[in-house]
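Residue-level structure breakdown
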Amino acid sequence: MPRSWWAFVLPSRRPALASGFAVLAACLLHLIAQAGMMLSWAGWSFSAFRDYYWPDQLAYLAIATNAAHGDLSAVEPFTQTGTIYYPRAYYLLIGGLADLTGTSAATMWTVVGLAFQVALVAAVGTAAVLLTRRWWTGLLGFTPFLLGTASWVTGQGWMTTMDSHAVLWGPFAVLYTLNGESVALCVAGTALLALLVVAAGRVRGRAALVVTVLAFALIGALANVHTYAFLVAVFVVAAGVAAVGLLRERSRWLLVATGLLVVVVLVAGPVVGERVSPLAALVLGLLPAAPGALALARRAGLRSLWCLGALVLGAAPQVLLTVIGLANGDEFLLYRESSSQDLGVSLLHGLVAASALLPALLLVAWLGVRRRRVLWVAVPVGGAVVWALLAANDLWGANQEPYRFWINTYLLLAVVMVPVTAWAVLDTLRPGPLPAEPGPVDVPGRAPVLLGRTGRRITAGALVLVLAVAAVASVDWLTFRREVAAMGYLTIATPQVTAAAELAEQTDGTLVLTDSCLDPLFLKVVWGGPVVSYNPGLAWPAEVDAVQALLGGRGTGTFDAAAAATADVGWVLTDSACSPSLAPSLDGYEQAGSVDYEGGTVTLWRIAS
């Protein structure tokens, strides 16, 4: 019987089986760590929605709810008017799956979101096994998602708060939402690990080209899922490719050119951001990667064009939609570009929060230099540089929520650095006189060298320090888990909302306005029809000013008939237990029905056109 492909990296089938069990164990440990607390919540089910920054999450769920009801149009999700430019491919996916399976969008949100996380954990564990050639390293798959920001050391709990609403937190807090950003980062991490395994020579021949092109296509497709995750993935790949190119060429001129282009970005970026657009400045930030990337592309030949084409093709739908919107002067896009203020990351905050990962970056880079391994230098150095660059994008003209770029880069670097650190350390400490097999990106003629006894002792001591610092920083995860366990989940389909949804079924497709104590976000995801609400950072309705006036009137119990006519509001839902209520302002309008619930009565009013 022919040997399986696993035999190329493992000595026998038993280690292959053991590796599989190790990876599965890592997946289980991740579920216990990230979602295990849900099993202790009374009445929990997969349709339960986590009580965790829920207003934004329910806005995304509204997109999936529309898709679950068969509405795939690119409109603002609550009013179902106007145009949405926000990447929504993932929400359309879970909405479609909800429709296909006869479940709710909230159920698919939980099930599919966790499935993507498990896939990433499996990818981390598999990459560790392939790189280290040790089956037990598959157990490391869940570890990147425990890393914190050492916030508990500074007395800030599990996250570091800064100016405005900017925060720094660990990968566990990003993944807990299960939203499109979480899923996009899972896909990006998997793609980066695939590229890493190819670059290390663990996949060869035609398979290497196929895996590489697919990885670039996945990264490109992320533009249709989440903008920041897509941009961070592109920057990380560009930095890694550029670092490999510079190390392979060993050209001072290329290094000088890279440094000069960094200066160009710092000097010209603010001008481009002000006179063109902040997004244009963000694209300019890729310029320093050009010398190293072009040097590597010259060696790769047509393969580099396949990769670039796959990335561009995957990103094209969302990029073209956004470019057309900006060219047409869409008010929402112009607002969104300029709405990121006071969200920068200070040097001190950034370094302290990065403490769980910085020692590993330094150790692997040092081992790479000592042992002449290109990837061991390129990954940590390129990663650290792009991390700093993106977290400081407010200083060079882009000013697009730098703290979010810091957080997302942290997650992707953690995902990559866990298997790379295991590979570098275990390869250095392994017994035997022969050096490890060089990968295809290592410089020809410069075989990896072994470290002496002193070097191995230093490596072992440094590893202990890396693990100790990471453990200290990861105390944040324990605090986080206790807090989210205490918060539990939202009860969205309350008796009140259920009664309101029953009445809303009688409406004719025009907008429904609700009392101040009847949350339109809850009504939207339970009922599915158009309601008067919107998320300013997601999309704007066609008559945004009229919608704002109506929402403002809810808080004072004032019904603005003129605004209602402009926004095409045909119905109002009031609650007898609500104060202030819109009901007194609706004298003269027809009552279309009412439903009692424990605590009050919900009434539906027909608004004459």
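So, here's what we can say about the structure.

**Digging into the overall build of the protein**
Looking only at helices and strands, one finds 23 helices and eight strands in the protein. Here the protein has a C-alpha radius of gyration of 26 Å; the compact-globule value for 609 residues is 25 Å, and the two agree. Overall size of the protein, expressed as C-alpha extent along the three principal axes, is 90 × 55 × 55 Å. Counting every position in the protein, which comprises 609 residues, the buried fraction comes to 55%. For the protein, the accessible area works out to roughly 25,600 Å², and carbon and sulfur atoms hold 66% of it. Of the charged side chains in the protein, 33 are positive and 34 negative, and the gap between their average positions amounts to 34 Å.

**Focus: the environment of Asp508**
Note on placement: Asp508 falls in the loop between helix H20 (495-504) and strand S5 (511-514). Separated by 110 residues in sequence, Asp508 and Ala398 place their C-alpha atoms 45 Å apart.

**Description of the state of the cysteines**
Formally, a disulfide is one covalent bond, and it connects the sulfur atom of one cysteine to the sulfur atom of another. Summed over the entire model, instances satisfying the criterion amount to one disulfide. With no disulfide of its own, Cys27 has Cys186 as its nearest cysteine by sulfur position, at a separation of 11 Å. A relative accessible area of 1% places Cys186 in the buried class.

**Here's the deal with helix H15 (residues 358-371)**
Given a rise of 1.5 Å per residue, 14 residues ought to cover 20 Å, and the 20 Å separating the end C-alpha atoms of H15 matches this to within 8%. Every buried residue of H15 is listed here: Pro359, Ala360, Leu361, Leu363, Val364, Ala365, Leu367, Gly368 and Arg371. The positive-phi residue at the C-terminal boundary of H15 is Arg372, with phi of around 60 degrees.

**Structural notes on a nonpolar patch on the surface**
Together, Leu209, Leu302, Leu305 and Trp306 give the surface a local cluster of nonpolar side chains, amounting to about 470 Å² of exposed area. Tracing the backbone through its elements, the reader meets Leu305 in helix H12 (residues 302-327).

**A short note on the packing of aromatic side chains**
According to the stated counting rule, one finds 24 aromatic pairs in the structure shown. For the pair Trp41 and Tyr489, a centre-to-centre distance of 5.9 Å together with 40 degrees between the ring planes defines the contact as tilted. Within this pair, whereas Trp41 is found in the loop between helix H1 (13-35) and strand S1 (49-50), its partner Tyr489 is found in strand S4 (residues 489-490), the two being separated by 448 residues in sequence. Every member of this aromatic cluster is reached through a ring pair, and the members are Phe49, Tyr60, Tyr86, Tyr90, Tyr91, Trp109 and Phe116. It is Arg50 that lies over the ring of Tyr176; its NZ or CZ is 4.3 Å from the centre.

**Quick notes on the pattern of salt bridges**
Using the criterion set out here, one finds six salt bridges in the structure. Across the pair Arg404 and Glu181 runs a salt bridge whose closest N-O atoms are separated by 3.4 Å. Of the two residues, Arg404 sits in helix H17 (residues 402-429) while Glu181 sits in helix H6 (residues 180-199), which places them 223 residues apart along the sequence. In terms of burial, Arg404 and Glu181 fall into one category: buried. Glu249 is the partner of Arg299 in a salt bridge, and the nearest nitrogen-oxygen pair spans 2.7 Å. Pair noted here: Arg299 is in helix H11 (residues 290-300) and Glu249 is in helix H8 (residues 227-249), with a separation of 50 residues, a long-range link. Given a relative accessible area of 45%, Arg299 falls into the partly exposed group. One connected set of salt bridges, linked through shared partners, spans Glu181, Glu401 and Arg404.

**Regarding unusual backbone geometry**
Cis geometry marks the peptide bond from Ser579 to Pro580; its omega dihedral reads 0 degrees. Positive phi, close to 50 degrees, is recorded for Arg250, a residue that is not glycine. Along the polypeptide, Arg250 turns up in the loop between H8 and helix H9 (252-275). The backbone phi angle of Glu401 is positive, close to 45 degrees, even though this residue is not glycine. Take Glu401: it is sitting in the loop between helix H16 (374-391) and H17.

**Examining the pairing of strand S6 (residues 569-575)**
Counted residue by residue, S6 has seven buried out of seven residues, so it is predominantly covered. Pairing geometry for S5 and S6, over four bridges, is parallel. Along S6, the bridge assignment pairs Leu513 with Val572. Taken together, the five bridges between S6 and strand S8 (residues 600-606) define a ladder with antiparallel strand orientation. Note that in S8 the partner of Val572 across the bridge is Trp605.

**Focus: the environment of Arg202**
Its location among the elements puts Arg202 in the loop between H6 and helix H7 (205-221). A sequence separation of 238 residues divides Arg202 from Pro440, and the C-alpha atoms of the two residues are 9.5 Å apart. At 2.7 Å, the side chain of Arg202 and the backbone oxygen of Leu130 are in polar contact. Separated by 3.1 Å, the side chain of Arg202 and the backbone oxygen of Ala200 make a polar contact.

**Observations concerning the sheet that holds S5**
By definition, the strands of a sheet pair up through backbone hydrogen bonds, in either a parallel or an antiparallel sense. Ordered in space as S5-S6-S8-S7, the four strands form an open sheet in which the pairing is mixed. The open sheet is flanked by S5 and strand S7 (590-597), the only strands paired with a single partner. Strand-to-strand, the axes of this sheet are offset by a mean angle of 20 degrees, without reference to chain direction. The sheet strands contacting H20 are S6, S7 and S8, and the helix crosses S7 at an angle near 145 degrees.

**As for the nonpolar core**
In terms of nonpolar packing, the biggest core is built from 173 residues, with Leu375 and Trp406 touching the most fellow members. In contact with Leu375, other than residues within four places in its own chain, are Leu196, Ala199, Ala200, Val244, Pro380, Trp423, Val441 and Asp442. Within the second largest apolar cluster, 22 residues are counted, among which are Tyr85, Tyr534, Val547 and Ile607.

**Structural notes on empty space enclosed by the protein**
Overall, the coordinates contain three cavities of 30 Å³ or more when judged by the stated rule. Space inside the largest cavity adds up to approximately 80 Å³. In terms of lining, the largest cavity is formed by Ala48, Phe49, Arg50, Tyr52, Gln57, Trp109, Thr110, Tyr176, Thr177 and Leu178. When residues of the lining of the largest cavity are traced back to their parent elements, those giving at least two are S1 and helix H4 (105-132). One number sums up the size of the second largest cavity: a volume of about 40 Å³. Looking at the second largest cavity, the residues that line it are Ile63, Asn66, Asp71, Leu72, Ser73, Val75, Pro77, Ile84 and Arg88.

**Brief notes about H12**
Helix geometry: H12 is bent most strongly at Ala316, by close to 55 degrees, with proline Pro317 lying one to four residues after it. Along H12, the residues that are buried comprise Ser304, Cys307, Ala310, Leu311, Gly314, Ala315, Gln318, Thr322 and Gly325. Looking one or two residues beyond H12, the residue adopting positive phi is Gly329, at roughly 70 degrees.

Rules of the game
- Residues numbered from 1 in each chain as written.
- Predicted model: local features only at pLDDT ≥ 70, side-chain atom pairs only at ≥ 80, totals over all residues.
- Heavy atoms only, no water.
- Helix = DSSP H or I, 4+ residues; strand = E, 2+ residues; numbered from the N terminus.
- Rg over C-alpha atoms; globule rule 2.2 N^0.38 Å.
- Buried < 20%, exposed > 50% of the residue type's maximum accessible area, 1.4 Å probe, protein only.
- Areas by Shrake-Rupley, 256 points an atom, 1.4 Å probe, with all protein chains shown as cover.
- Lys, Arg positive; Asp, Glu negative; His and termini not counted.
- Charge placed at Lys NZ, Arg CZ, Asp CG, Glu CD.
- Disulfide = S-S within 2.5 Å.
- Expected span 1.5 Å × (residues − 1).
- Patch = residues over 30% accessible without salt bridge, like charges linked within 9 Å, V, L, I, M, F, W, Y side chains within 5 Å.
- Salt bridge = Lys/Arg side-chain N within 4 Å of Asp/Glu carboxyl O.
- Phe/Tyr/Trp six-rings, centres within 6.5 Å; stacked < 30°, edge-to-face > 60°.
- Lys NZ or Arg CZ within 6 Å of the ring centre and 35° of its normal.
- Pairing = 2+ DSSP bridges.
- Polar contact = N/O pair within 3.5 Å; in protein donor to acceptor, adjacent residues only side chain to side chain.
- Axes fitted to C-alpha atoms, helices over the stretch in contact; angles between N-to-C directions.
- Contact = heavy atoms within 4.5 Å.
- Core = buried A, V, L, I, M, F, W, Y, C linked by side-chain atoms within 4.5 Å.
- 1 Å grid on protein atoms, 1.4 Å probe; cavity = no way out; pocket = protein on both sides within 12 Å on 5 of 7 lines; lining within 4 Å.
- Points joined across faces, edges and corners; volume = space filled by probe spheres on them.
- Bend = angle between axes of the 7 residues up to and from the residue.

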